[in-house]
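Descriptive structure summary
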Amino acid sequence: MRIQFTKMQGAGNDFVVLDETQGSLGLTPAHYRFLGDRHFGVGADQILTVRPAPSPDLDFEYVIHNADGAEVEQCGNGARCFAKFVREQGLSSKDRLRVKTMKGVIEPVITFDGRVTVNMGAPEFRLEQIPFDASGLNAKTVGIWNAWPLELQSADGLEYTVDIAALSMGNPHAVQLVEDVDTAPVEQQGPLVQQHARFVRQVNAGFMQIVSRTHIRLRVFERGVGETLACGSGACAAVVAGIRWGLLDACVDVHTRGGLLSIAWEGGDSPVMMTGPATTVFRGEIDIPDAL
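Residues numbered from 1 in each chain as written. Predicted model: local features only at pLDDT ≥ 70, side-chain atom pairs only at ≥ 80, totals over all residues. Heavy atoms only, no water.

1. Considerations on the overall build of the chain
Just so we agree on the cut-off: Numbering of helices and strands runs from the N terminus, with a helix taken as a DSSP run of H or I at least four residues long and a strand as a DSSP run of E at least two residues long. Note on method: radius of gyration uses C-alpha positions; expected globular size equals 2.2 Å times residues raised to 0.38. Buried residues are those whose accessible area, probed at 1.4 Å on protein chains only, stays under 20% of the maximum for their type, while exposed residues exceed 50% and partly exposed ones sit between those limits. Computed with a 1.4 Å probe, the accessible areas rest on the Shrake-Rupley method; for each residue, only the protein chains presented here act as cover. A positive count includes Lys and Arg, and a negative count includes Asp and Glu. His and the chain ends are not counted in either. Charge positions are represented by NZ for Lys, CZ for Arg, CG for Asp and CD for Glu.
When you go through the chain residue by residue, the secondary structure sums to 4 helices and 19 strands. Relative to the 2.2 N^0.38 estimate, which gives 19 Å for 292 residues, the radius of gyration of the chain is 19 Å and therefore close to what a compact globule would have. Projecting the C-alpha coordinates of the chain onto the three principal axes gives extents of approximately 50 × 45 × 35 Å. Burial status across the chain gives 54% buried among its 292 residues. For the chain, the accessible surface area stands at approximately 12,400 Å², while carbon and sulfur atoms represent 49% of it. The chain carries 25 positive and 35 negative side-chain charges, and their two centres are separated by 3 Å.

2. Overview of the environment of Glu 187
Within the fold, Glu 187 resides in helix H3 (residues 186–194). When its relative accessible area of 60% is taken as the criterion, Glu 187 is described as exposed. Separated by 80 residues in the primary sequence, Glu 187 and Glu 107 place their C-alpha atoms 33 Å from one another.

3. Considering the side chain of His 196
So the rule is basically this: Contact between two residues is taken to exist if any of their heavy atoms lie within 4.5 Å; hydrogens are not considered.
Examined against the element boundaries, His 196 turns out to sit in the loop between H3 and strand E13 (204–212). For His 196, a relative accessible area of 12% puts it in the buried group. Other than its neighbours up to four places away in sequence, His 196 contacts Leu 150, Glu 151 and Leu 152.

4. Overview of the environment of Leu 152
Note on placement: Leu 152 falls in strand E10 (residues 145–153). Residue Leu 152 is classed as buried on the basis of its relative accessible area, which comes to 5%. For the pair Leu 152 and His 196, spaced 44 residues apart in sequence, the C-alpha to C-alpha distance is 8.1 Å. Among residues more than four places away in sequence, those in contact with Leu 152 are Leu 158, Glu 159, Tyr 160, Val 162, Gln 189, Leu 192, Val 193 and His 196.

5. Quick word on the pairing of strand E3 (residues 46–52)
Here is the rule: What makes two strands pair is DSSP finding at least two bridges between them. Look down the strands so they point away from you; if going from the first strand over the helix to the second traces a clockwise path, that crossover is right-handed.
When you tally the buried positions in E3, you get 5 out of 7 residues, the bulk of the element. Pairing geometry for strand E2 (residues 13–19) and E3, over 5 bridges, is parallel. Within E3, the residue paired with Asp 19 across the bridge is Val 50. Regarding the hand of the β-α-β motif, the stretch spanning E2, helix H1 (residues 29–36) and E3 is right-handed. As judged from the 7 bridges shared by E3 and strand E4 (residues 60–66), these two strands associate in the antiparallel manner. Its bridge partner being in E4, Leu 48 is matched across the sheet by Ile 64.

6. Observations concerning H1
Summarising burial for H1: 6 of the 8 residues are buried, a large majority. Every buried residue belonging to H1 is among Ala 30, His 31, Tyr 32, Phe 34, Leu 35 and Gly 36, and all of these are buried. Among the structural elements, strand E1 (2–10), E2, E3, E4 and strand E19 (279–287) are those in contact with the buried residues of H1.

By themselves these figures say nothing about function.
If you want it as structure tokens, here you go:
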């Protein structure tokens, strides 16, 4: 089967984007894994699919698969690329879109400077909705919120705990503070947090260094992918955690290894607004093997 695709990236978080507005391609998890494979496929952190709007009050449906083939709830950097893709492909001339995701509706807006702002919705703190099992844990009060001690065990059997913020931005996040993201144990500790039994759907593990009240540095170890150059929903989660902990102001620049994202949140039930780049890298066709 031969399919057309577009390769895009948002702050280094890279995607294969597929157009299913004229009909389903009928792809399986094995096909998504093939497309995401950097040696045998196209190579991407996630595969994004544009589908027709499921109701008149929406413009499109946005479906996300990680490189491991699993469908996931949200991808903020992908949402910006999604908006740029439908504009460049002539699928919509609107600057503002309403797009259905697995967990709700998001509203990306193409700005005058070519960047894209996405209304990511309000953060979710109810533990059962993240979901996060906090049974038997004693939270520490930090600012107006709390931090949960998460028990980890290293490869050599050493047991220790890290304090995390647990929240959802449509997908689950565990955010911890580190002194320096360059030396943070992302490769070693990221998988331990990501697969922790207390997160029944696994979790995206964020490592946040606070530079000032308006500036953080961030690395994220994502579910089904590993560490990525940037994670939009992870940037939102980190800033929300920092604000709730009393460490950050309402508007924060997030420096990732792939570029700069700007996050704004007024607190409470207000939506988190994320602004950043979205770039088309190339377009192409690929033959997907019949037997995978």
